[in-house]
Amino acid sequence: MSADLDNFILFIDSAKRDLNVNRQCAFKLDCNDLTINALDKVISSTLKLEEKVKHGEVKVNYLNQFQSNLQNILSILPFRGHPDSSFIAHHNEDWKSQSKDNLEQNSFNVSRFYEQIEFNIDFFDKIGYFDSNIVAIGANGSGKTTLSNKVKSYLQNNGVVISAQRILLVPSFDAIANPTKTASELKQNQLRDKTNKSNGEFNYLKDEFGIVLKNLLSDNISAGNSYRKKAMESVNTGRAIDNPELTNLDITFQIWNSLIEHRTINCDDGINITAKSSDQRSYSAIQMSDGEKVMLYLIAQVLQAPKDGFIVVDEPEMYLHKTILKKLWDLLEAKRTDCIFIYLTHDLDFATSRTTAKKIWIKSFSHPDKWEIEDIPTNEIPETLMFELLGSRKDILFCEGNKGSIDERIYSILFTELTIVPVGSCFDVINHTKAFNKLKNVNTKAYGLIDSDHHNSERLDKLKSEEVYTFKVAEVENLLLDEDFLKLLARQLLVDEANIVLIKREVIKELDKLKNVQASHYVSTRLNYYFTDSDVTKGNAIAQLESNYQDFLNKVSINDWYTLRLEELNQIVKSSDYNKALVSLNNKGIRNIAGKHLKISDFTDRCIKLLLSSDYAKSSIAKYFPEELKTAGNN
């Protein structure tokens, strides 16, 4: 246990003693039930918190929050520091009466602080202690905006809250202040309350876009001056001039221009952003549409958020067209992988597009700071959510696995034009795809994607005609062991690429060890598919039935299938053909081999993050999929 945890346990022990002494005193002073119950509840919460800490459920970062909550209660209790309640007997009745009144008067605040502790414990449990991006779904009036500032206080203001109240007033500039001043203004803006509950806050929001843009432009000017100075030094010393590094302004333009068709934005004079249409007509930023402005605003806010911080986005869908919404936030998440994104939304379609994020449902809110929050489990799709998915205009890809599975996570990154719906086994995928494509008056189309998993070519051709496809490795986990992908991951982790050779060697060794089991599994799987896909030909007499049944059985050749498969596996091992090993080896445990040699324990999560941030990583995985799926949904 760390020193922080040790100190917190010592604090909890001291708090329990003080709470129990005050509870005993309340009983001896004959305080009302409200007071005693309030103290009992706090003691119960303290014990629960202590257990969570001892079992490693509470992250170190949040101990200060809980300690502060308890300190608020302890500070209003009168009998701290006493070993027990025996001292009460030494005081007269007037003192006892006054002490009783004091305890009872404080019971309301004790109850209020208790509710805050309980909310914090429940809230942190449900969001997973900010270990991943979060989507909080709630209707208007559910307290999402107020929650955004509550979250901000939890995270020590190390980030930015992007309010739903966006006054898209783009100023024009005659000059730009120095970077130190603009950075200071931006930081002050990031620390401000964004609930918009007063006239002063509303007036400040009018200036926010200008503050964000000024720092973006100032930083760009500063970088240009610095580059020019270094270039002059290089010229004077005869050295080659280095290529300039991209500034946040450059990246802003790249993202914006990649998403808006027939429009581009730039900053020719260095201090004012202008837009240009496809006919080369220029217009100032103030004349851009609300959608164009909000994209500029959001990109600039996210790129300038504090490093390794958080980005709370209230209503990320506001003013944005559905065709741009998901792409924009995918790009911004990829650019700021150091940050945690916390989205507050009532748009289910957007919520489901954040496939790797933790989902919570804000069911209700009571002023000033009481929310009812429910975790949305990852192993099921609520009926309303399914209707929303099927009601979208995107084509659907049914896949194996459950909600939140690795299948869904990878496919959501690779096939951005499709709605990914995991439905269980390969048979479920086949049945869902066939059934959906038989529906009348449906404008979307369904595709199915299953593991290759020992299907023969005849069966695969039949499935393909029914829009069910497979990929070129044995199972989805093997995609992440592609050699090019592993090399890219190794470079990112600063691990010697020679370790990839060790991974390949050990995978082949694992196949050699398991080849008999693998051959047996291959035969049993092939038998299952054979019996599922085949019919006994009808006969008009018993003799014909028996003959047809025997023909059916004669096509089953277990020994031949096993021998042939074992020979194939032996040949792969003998030739050390790593690519064929990935095609043939069904063993989810081989991910551990990669994790071991890359010296990481979270191999799958690292791979997902790499896929999100790198087009090269995507292409190294996408090559295993058929063209029909790569182009699906682009119509």
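Since this is a predicted model, take the numbers as computed values, not measurements.

J.: Kindly report on the packing of aromatic side chains, identifying the contributing residues and their values.
T.: Following the criterion strictly, the structure yields 13 aromatic pairs and no others. Between Trp 329 and Phe 341, the ring centres sit 6.4 Å apart and the planes meet at 80 degrees, which makes this aromatic pair edge-to-face. With Trp 329 in helix α10 (residues 322-335) and Phe 341 in strand β7 (residues 340-345), this residue pair connects regions lying twelve residues apart in the sequence. Like Phe 341, Trp 329 is buried. Ring geometry for Trp 329 versus Tyr 343: centroids 5.4 Å apart, planes at 80 degrees, classification edge-to-face. Here the residue Trp 329 occupies a position in helix α10, and Tyr 343 occupies one in strand β7, the gap between them amounting to 14 residues.

J.: Explain the confidence of the model for the protein to me, using residue names and the numbers behind them.
T.: Residues with a pLDDT of 70 or more make up 89% of the protein, whose mean pLDDT is 84. Taken element by element, the predicted model of the protein shows its lowest mean pLDDT in helix α12 (residues 383-391) (45) and its highest in helix α8 (residues 248-259) (95). When the criterion is pLDDT under 50, residues 379-391 qualifies, and its contacts beyond four places in sequence or with other chains add up to 17 contacts.

J.: Explain the environment of Ser 575 residue by residue, including any values.
T.: One can find Ser 575 in helix α20 (residues 558-575). In this structure Ser 575 comes out as partly exposed when scored by relative accessible area, which is 41%. For the pair Ser 575 and Ile 508, spaced 67 residues apart in sequence, the C-alpha separation works out to 9.6 Å. Within the local environment of Ser 575, its side chain forms a polar contact with the backbone oxygen of Gln 571, the two atoms lying 2.8 Å apart.

J.: Which residues make up the packing of helix α3 (residues 63-74) against helix α4 (residues 93-127), and what are the values?
T.: For the pair α3 and α4, interaxial distance at closest approach is 9 Å and the crossing angle is 165 degrees. As summarised for this structure, α3 and α4 are arranged roughly antiparallel, according to the angle between their axes. Crossing hand, α3 versus α4: left-handed. Taking contact as the criterion, the partners of Gln 65, Phe 66, Asn 69, Leu 70, Asn 72 and Ile 73 in α3 are, on α4, Val 110, Phe 113, Tyr 114, Gln 116, Ile 117, Asn 120, Ile 121 and Phe 124. In terms of residue class, the contact of α3 with α4 is built from nine nonpolar, five polar and no charged.

J.: Before we move on, can you summarise the pattern of salt bridges with the specific residues and values?
T.: Summed over the entire model, instances satisfying the criterion amount to 30 salt bridges. Across the pair Glu 467 and Lys 445 runs a salt bridge whose closest N-O atoms are separated by 3.3 Å. Separated by 22 residues along the polypeptide, Glu 467 in the loop between α15 (457-464) and β13 (468-470) and Lys 445 in the loop between α14 (426-436) and β12 (446-450) bring together distant segments of the chain. Owing to a relative accessible area of 18%, Glu 467 belongs among the buried residues under this scheme. Between Asp 482 and Lys 623 there is a salt bridge whose closest N-O contact spans 3.1 Å. Remark: Lys 623 occurs in the loop between α24 (615-622) and α25 (627-630) and Asp 482 occurs in the loop between α16 (476-479) and α17 (483-492); sequence separation between them is 141 residues. Exposure remark for Asp 482: the relative accessible area of 2% places this residue in the buried category.

J.: Which residues make up empty space enclosed by the protein, and what values do they have?
T.: Evaluated as defined, the whole model comprises two cavities of 30 Å³ or more. Estimates place the volume of the largest cavity at around 40 Å³. Residue lining of the largest cavity: Phe 123, Ile 127, Phe 130, Ile 134, Ala 136, Leu 147, Val 151, Ile 342, Leu 344 and Ile 360, and that is the complete set. Class assignment for the residues of the lining of the largest cavity results in ten nonpolar, no polar and no charged. For the second largest cavity, the calculated volume is near 30 Å³. Every residue along the wall of the second largest cavity is listed here: Thr 35, Leu 39, Leu 77, Leu 103, Asn 106, Ser 107 and Val 110.

J.: Quick rundown of the layout of surface pockets? Include the residues and the values.
T.: Taken as a whole, the largest pocket spans an internal volume of roughly 1400 Å³. In terms of lining residues, the largest pocket is bounded by 45 residues, among which Lys 326, Lys 327, Lys 394, Thr 416 and Glu 417 are the most central. Elements represented by at least two residues in the lining of the largest pocket include exactly α8, α10, α11 (348-353), α13 (406-414), β11 (418-424), α23 (603-613) and α24. In terms of residues, the lining of the largest pocket owes the most to one element, α10, which gives ten residues. Residues of the lining of the largest pocket, tallied by class, amount to 14 nonpolar, 15 polar and 16 charged.

J.: Talk me through the side chain of Thr 247; I want residue IDs and the actual numbers.
T.: One can find Thr 247 in the loop between α7 (199-237) and α8. A relative accessible area of 9% places Thr 247 in the buried class.

J.: Please set out the state of the cysteines residue by residue, giving values where relevant.
T.: For the structure shown, the criterion picks out zero disulfides. Not engaged in a disulfide, the cysteine Cys 25 finds its nearest cysteine sulfur in Cys 31; these two sulfurs lie 9.0 Å apart.

J.: Just give me the short version of the side chain of Glu 510, but keep the residues and values in it.
T.: One can find Glu 510 in helix α18 (residues 498-533). Judged by its relative accessible area of 18%, Glu 510 falls in the buried class. Among residues more than four places away in sequence, those in contact with Glu 510 are Asn 587, Ile 590 and Ile 593.

Conventions used here
Residues numbered from 1 in each chain as written. Predicted model: local features only at pLDDT ≥ 70, side-chain atom pairs only at ≥ 80, totals over all residues. Heavy atoms only, no water. Phe/Tyr/Trp six-rings, centres within 6.5 Å; stacked < 30°, edge-to-face > 60°. Helix = DSSP H or I, 4+ residues; strand = E, 2+ residues; numbered from the N terminus. Buried < 20%, exposed > 50% of the residue type's maximum accessible area, 1.4 Å probe, protein only. pLDDT = per-residue confidence, 0-100. Contact = heavy atoms within 4.5 Å. Polar contact = N/O pair within 3.5 Å; in protein donor to acceptor, adjacent residues only side chain to side chain. Axes fitted to C-alpha atoms, helices over the stretch in contact; angles between N-to-C directions. Parallel < 35°, antiparallel > 145°, perpendicular 65-115°, else oblique. Left-handed = near helix turned anticlockwise from the far one by under 90°. Nonpolar A, V, L, I, M, F, W, Y, C, P; charged D, E, K, R; others polar. Salt bridge = Lys/Arg side-chain N within 4 Å of Asp/Glu carboxyl O. 1 Å grid on protein atoms, 1.4 Å probe; cavity = no way out; pocket = protein on both sides within 12 Å on 5 of 7 lines; lining within 4 Å. Points joined across faces, edges and corners; volume = space filled by probe spheres on them. Disulfide = S-S within 2.5 Å.

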